[in-house]
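Take a look at the letters that make up each chain.
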Amino acid sequence: MSVRISTIFAAICLITPAAFAQDAPSDPQIAHIAYTAGVIDIEAANLAVKMSKNEDVIAFAKDMLRDHEAVNKQALDLVAKLKVTPEDNATSQSLTQAAAKERDALAKLDGAAFDKAYVENEIAYHKQVNGALETLLIPSAQNAELKDLLQTGLKLFQGHQQHAEHVATMLE
């Protein structure tokens, strides 16, 4: 399991400041990275709803679906309003590739092993995304409305991390 979490961790590290040492990401790149991170968690939550038999894990996954879908809708509405096209980039691509590997690994598990791996991944994923939001994406955002959306997302996703940590204690 630590191999799977480290795969996601390695991908998330790509959105730390070192990855953009030469240039901070542009607003279109930030929008794409943020949206991609939301899609990844939506896909993981869909898998958990489908595979888990644990009511607490399913409830958590449904919360992730609801919240990430809502934030991604707000992001799409904002880029449409601003007439900005999100720009695909190496970070988004790496996140997507790592998430696909993680989903494949999770899909091979079942029962308590799946639940534990899913929740541990959610903790690690939210911790890293929150760190990237705080240290790179929010400070790099030039548009005030994008920055506000990212700050709102950060508060929500910090709550997700705490919720995942709580669910993890219930699985022990």
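In case you missed it, the structure is sitting above this.
Residues numbered from 1 in each chain as written. Predicted model: local features only at pLDDT ≥ 70, side-chain atom pairs only at ≥ 80, totals over all residues. Heavy atoms only, no water.

Engineer: For this particular structure, what's the right way to read the overall build of the protein chain?
Structural biologist: Assigned secondary structure in the protein chain consists of six helices and zero strands. Tracing the protein chain from N to C terminus, the helices and strands come up as α-α-α-α-α-α. Within the span of the protein chain, comprising 172 residues, buried residues form 45% of the whole. Accessible surface for the protein chain amounts to roughly 8,600 Å². Of this, 55% is attributable to carbon and sulfur atoms. (Helix = DSSP H or I, 4+ residues; strand = E, 2+ residues; numbered from the N terminus. Buried < 20%, exposed > 50% of the residue type's maximum accessible area, 1.4 Å probe, protein only. Areas by Shrake-Rupley, 256 points an atom, 1.4 Å probe, with all protein chains shown as cover.)

Engineer: Looking at this model, I keep getting lost on the packing of aromatic side chains. Mind explaining?
Structural biologist: Aromatic ring pairs are reported here in terms of the distance separating the ring centres and the angle at which the planes meet. What the rule picks out here adds up to two aromatic pairs. Judged by centre distance (6.1 Å) and plane angle (0°), the rings of Phe114 and Tyr118 are stacked. Residue Phe114 and its partner Tyr118 are located together in helix H5 (residues 111–140), separated by four residues, close to a single helical turn. Tyr118 matches Phe114 in its accessibility class, with the two residues each being buried. Taken together, the ring pairs connect Phe60, Phe114 and Tyr118 into an aromatic cluster. (Phe/Tyr/Trp six-rings, centres within 6.5 Å; stacked < 30°, edge-to-face > 60°.)

Engineer: What is the right way to read the environment of Met170 from this model?
Structural biologist: Within the secondary structure, Met170 sits in helix H6 (residues 144–171). For Met170, a relative accessible area of 39% corresponds to the partly exposed category. Placed 113 residues apart in sequence, Met170 and Val57 show a C-alpha to C-alpha distance of 9.6 Å.

Engineer: Hey, could you run me through helix H3 (residues 55–82) in this one?
Structural biologist: An α-helical turn contains 3.6 residues, so any two residues separated by three or four positions project in the same direction. Taking 1.5 Å per residue as the helical rise, H3 with its 28 residues ought to reach 40 Å, and the 40 Å between its terminal C-alpha atoms agrees with that figure. Listing the buried residues of H3 in full gives Val57, Phe60, Ala61, Met64, Leu65, Asp67, His68, Val71, Asn72, Ala75, Leu78 and Val79. Here the buried face of H3 lies against helix H2 (27–51), H5 and H6. In this structure Asn54 caps H3, since a side-chain oxygen of it lies 2.8 Å from the backbone nitrogen of Asp56. Phi turns positive one or two residues past the end of H3, at Lys83, with a value near 55°. (Expected span 1.5 Å × (residues − 1). Contact = heavy atoms within 4.5 Å. Polar contact = N/O pair within 3.5 Å; in protein donor to acceptor, adjacent residues only side chain to side chain.)

Engineer: Mind showing me how you'd approach the environment of Ala117 here?
Structural biologist: Position of Ala117 among the secondary structure elements: in helix H5. The class for Ala117 is buried, based on a relative accessible area of 1%.

Engineer: I'm lost on the nonpolar core in this one. Help?
Structural biologist: The nonpolar side chains of soluble globular proteins are, as a tendency, buried together. One finds Ile30, Leu133, Leu137, Leu146 and Leu150 to be the most contacted residues of the largest nonpolar core, which totals 21 residues. Every element with two or more residues in this core is listed here: H2, H3, helix H4 (90–107), H5 and H6. Broken down by element, this core gets its largest block of residues, six residues, from H5. Not counting chain neighbours up to four residues away, the residues in contact with Leu137 comprise Pro25, Ile30, Ile33, Ala132 and Leu150. (Core = buried A, V, L, I, M, F, W, Y, C linked by side-chain atoms within 4.5 Å.)

Engineer: Please explain the environment of Asp110 as it appears in this structure.
Structural biologist: By the secondary structure assignment, Asp110 is in the loop between H4 and H5. Along the backbone, Asp110 and Ser52 are 58 residues apart, and their C-alpha atoms lie at a distance of 7.4 Å.

Engineer: Where do I start with the pattern of salt bridges in this structure?
Structural biologist: Taken as a whole, this structure holds six salt bridges when the rule is applied. Glu120 is the salt-bridge partner of Lys116, the closest N and O atoms lying 2.7 Å from each other. Of the two residues, Lys116 and Glu120 are both situated in helix H5; the distance of four residues between them amounts to about one turn of the helix. Taken together, the shared-partner salt bridges connect Asp63, Arg66 and Asp67 into one network. (Salt bridge = Lys/Arg side-chain N within 4 Å of Asp/Glu carboxyl O.)

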